[in-house]
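Listed below, chain by chain, are the residues.
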Amino acid sequence: MAASFIKSVDERTQLAGANRLEILLFSLGKDRNSGREETFGVNVFKVREVMLIPEITRAPDMPPSVEGMVSLRGIMVPVINLQQFCGVDAEEPPNILVITEYNKHVQGFLVHSVDNIQRIAWDDVKVPPPMMAQQHGGMVTAVTELPDDRLVMIMDVEMVLAKTAGFGEDPGLFESLNHLDDEYTVLFADDSSVARDQVTRTLDAMGVRHIACQNGKEAGNGWMRSHSMRNRAGAG
């Protein structure tokens, strides 16, 4: 099942400008332990395609939850079993492979099924309660409620990569960065704790002051605080 519904980058950028995003809904199957089939989501901006599971090449000494590799148009892509990663004892095995990309890293996620794409406002995306954030391997970075009253747990792609493949842990990534002598203050927001850590380490290596925020609302408040501090400093 090719992801013909995945639209252009330009359209995604326009959505971001309108303070909206689209998420692909998926399920990991009915959990034998809880008796529930929960709904998850991933930002469509990070999805390259969706397909039936091709032949997986398995190899020894793979990281936990990594099933193996698949060849995707000549590129070997690691395949992560989200049922195993999230600790879901599903009644049925996964049927679908979702190919995602983040920071030039391409990987596949095995899921039980995909539903549809929902367009939602960022105002409707909430920080998950601490207990929920720690569930499912820490992969839940945000939650939202659909019009049909379903609660959707939005997946932190970066967290899954960090825990399965050590993504972002190489200290050498920051050694080649040039230190900036000019005084800058960078305000940035990202819902992924892993992504925020990477940006923070990059700016620290460059000697740049920064304000990290978890979402746009925090970023707006942070900008106002920073602007107010500059005004007071100028007045003094």
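As the structure is a prediction and not an experimental result, all values here were calculated from the model.

Of the regular secondary structure elements, the protein holds six helices and twelve strands. Considering the protein as a whole, with its 236 residues, one finds that 42% of them fall into the buried category. For the protein, restricting intrachain contacts to residue pairs at least 6 apart in sequence, the fraction spanning at least 24 positions comes to 59%. Looking at the protein as shown, the accessible area adds up to about 13,200 Å², and 52% of this sits on carbon and sulfur atoms.

Take the sheet that holds strand β6 (residues 96-102) next. Ordered by their spatial adjacency, five strands build an open sheet running β3-β6-β7-β5-β4, and the pairing between neighbours is mixed. The open sheet terminates on both sides in strands that have one partner only, identified here as β3 (47-52) and β4 (66-72). Taken pair by pair, the neighbouring strands of this sheet meet at an average axis angle of 30°, ignoring direction. Sheet analysis places β4 next to strand β5 (residues 75-81), joined by six bridges and oriented antiparallel. By the bridge assignment for β5, Val 66 is matched with Ile 80.

All right, on to unusual backbone geometry then. A positive phi is found at Asp 61, a non-glycine position, where the angle reads about 60°. Looking at where Asp 61 falls in the secondary structure, it is placed in the loop between β3 and β4. For Asp 61, a relative accessible area of 79% translates into the label exposed. Look at Asp 149: it is not a glycine, yet its phi comes out positive at around 75°. Within the fold, Asp 149 resides in the loop between β9 (140-145) and β10 (151-155). Accessibility expressed as a relative area gives 59% for Asp 149, which makes it exposed.

Inspection of every chain in the model, using the stated rule, returns nine salt bridges. Here Glu 67 makes a salt bridge to Arg 58, at a shortest N to O gap of 2.7 Å. Through salt bridges with shared partners, one network takes in Asp 115, Asp 148 and Arg 150.

With respect to the helices and strands, the residue Met 132 is situated in helix α3 (residues 130-134). Between the C-alpha atom of Met 132 and that of Val 143, which follows or precedes it by eleven residues, the distance is 9.4 Å. Excluding its chain neighbours within four sequence positions, the residues that come into contact with Met 132 are Val 140, Val 143, Leu 151 and Met 153.

In this structure, Asp 31 sits in the loop between β1 (20-27) and β2 (39-43). Despite its burial, Asp 31 remains without a salt bridge, the nearest opposite charge being carried by Arg 36 at 7.2 Å. The residues contacting Asp 31, other than those within four sequence positions of it, are Arg 36, Gly 87, Val 88 and Asp 89.

To continue, consider the nonpolar core. Formed by 30 residues in total, the largest nonpolar core has its most connected members in Phe 26, Leu 28, Leu 82, Met 139, Met 155 and Val 160. Ignoring anything within four residues of it in the chain, the contact list for Val 160 reads Ile 80, Leu 82, Phe 85, Phe 109, Met 139 and Met 155.

Conventions adopted
Residues numbered from 1 in each chain as written. Predicted model: local features only at pLDDT ≥ 70, side-chain atom pairs only at ≥ 80, totals over all residues. Heavy atoms only, no water. Helix = DSSP H or I, 4+ residues; strand = E, 2+ residues; numbered from the N terminus. Buried < 20%, exposed > 50% of the residue type's maximum accessible area, 1.4 Å probe, protein only. Contact = heavy atoms within 4.5 Å. Areas by Shrake-Rupley, 256 points an atom, 1.4 Å probe, with all protein chains shown as cover. Pairing = 2+ DSSP bridges. Axes fitted to C-alpha atoms, helices over the stretch in contact; angles between N-to-C directions. Salt bridge = Lys/Arg side-chain N within 4 Å of Asp/Glu carboxyl O. Lys, Arg positive; Asp, Glu negative; His and termini not counted. Core = buried A, V, L, I, M, F, W, Y, C linked by side-chain atoms within 4.5 Å.

Geometric values such as these leave the question of function open.
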